[in-house]
Amino acid sequence: MIEYNFWGAFLVGLMGAAHCFGMCGGLIGAFATNLPPTSSNRLANQLSFLLSYNLGRILSYTIAGALAGASSAALGYMFDVDSYLIGLRILAGIMMIVTGLYIAQIWFGVVHIEKLGKGLWKFLKPLANKLLPIKTQFQATIAGMIWGWLPCGLVYSTLTWSVAAGDALNGALVMFAFGLGTLPALLSAGLTAKKLAGWVQKKKVRLFSGILIVIFGLQTIYIAIMQLN
């Protein structure tokens, strides 16, 4: 099951390019245009900062996934109840379906989940602003780790898969895969290379990818229900 979650999470990150541009594209574009000047290759310098930023962002996703998976494992250990994990997997399957419908542009209910993180973001945003302007790759990595907690419906829905994964390692892997999937879109936002972004936003590509994620969700629910028998 974790294999499906891994590739499903990667696909959500990759095909969520339009959402990524809306949530983070402007931030990364502004970040890329305000990097410190350099006498060496400008593109290489820009890429090094963008990679550092995205490394921090993916690291924050991975940590969140590990915490979600570890919390699930701890609850299972404390209460010794197997059925709760099956319930979480059914919930994860439902969230896969909801996310797939969003990717396919059929239903946009997933964006309402973003409201859950606004309280935390009010606390973190001032910390992120203190790092500006970015002058070193280390600052870029720390900034990425903070901006990784920006309220995002796709992140939150994928986190439910980490909870259902049942342990810290698999939970971390799910969110790491999601982060890797978002990398091409957000690198292209910083480097103004929009070919990939244009491809993933094609209607047929989004529809196919969304349906595939819905199938992952249905299969996850089916496997979980079979475990009840």
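Data block above holds the structure.
Residues numbered from 1 in each chain as written. Predicted model: local features only at pLDDT ≥ 70, side-chain atom pairs only at ≥ 80, totals over all residues. Heavy atoms only, no water.

Draft legend 1. Summary view of the side chain of Arg57. Along the chain, Arg57 falls in helix H3 (residues 42-79). Other than its neighbours up to four places away in sequence, Arg57 contacts Gly144, Met145, Gly148, Gly179, Thr182, Leu183 and Leu186. (Helix = DSSP H or I, 4+ residues; strand = E, 2+ residues; numbered from the N terminus. Contact = heavy atoms within 4.5 Å.)

Draft legend 2. Examining the side chain of Ser162 more closely. Residue placement: Ser162 occurs in helix H7 (residues 153-165). For Ser162, a relative accessible area of 0% corresponds to the buried category. Polar contacts involving the side chain of Ser162 include one to the main-chain carbonyl oxygen of Gly171, which spans 2.9 Å. (Buried < 20%, exposed > 50% of the residue type's maximum accessible area, 1.4 Å probe, protein only. Polar contact = N/O pair within 3.5 Å; in protein donor to acceptor, adjacent residues only side chain to side chain.)

Draft legend 3. Inspection of the packing of aromatic side chains at higher detail. This model, assessed by the stated rule, comprises four aromatic pairs. Consider the rings of Phe6 and Trp7, whose centres lie 5.4 Å apart with planes at 85°: the pair is edge-to-face. Measuring from ring centre to ring centre gives 5.7 Å for Tyr102 and Phe108, while their planes differ by 90°; the resulting arrangement is edge-to-face. According to the relative accessible area criterion, Phe108 is partly exposed, its value standing at 41%. Three or more aromatic residues joined by ring pairs form one cluster here, namely Phe6, Trp7 and Phe10. (Phe/Tyr/Trp six-rings, centres within 6.5 Å; stacked < 30°, edge-to-face > 60°.)

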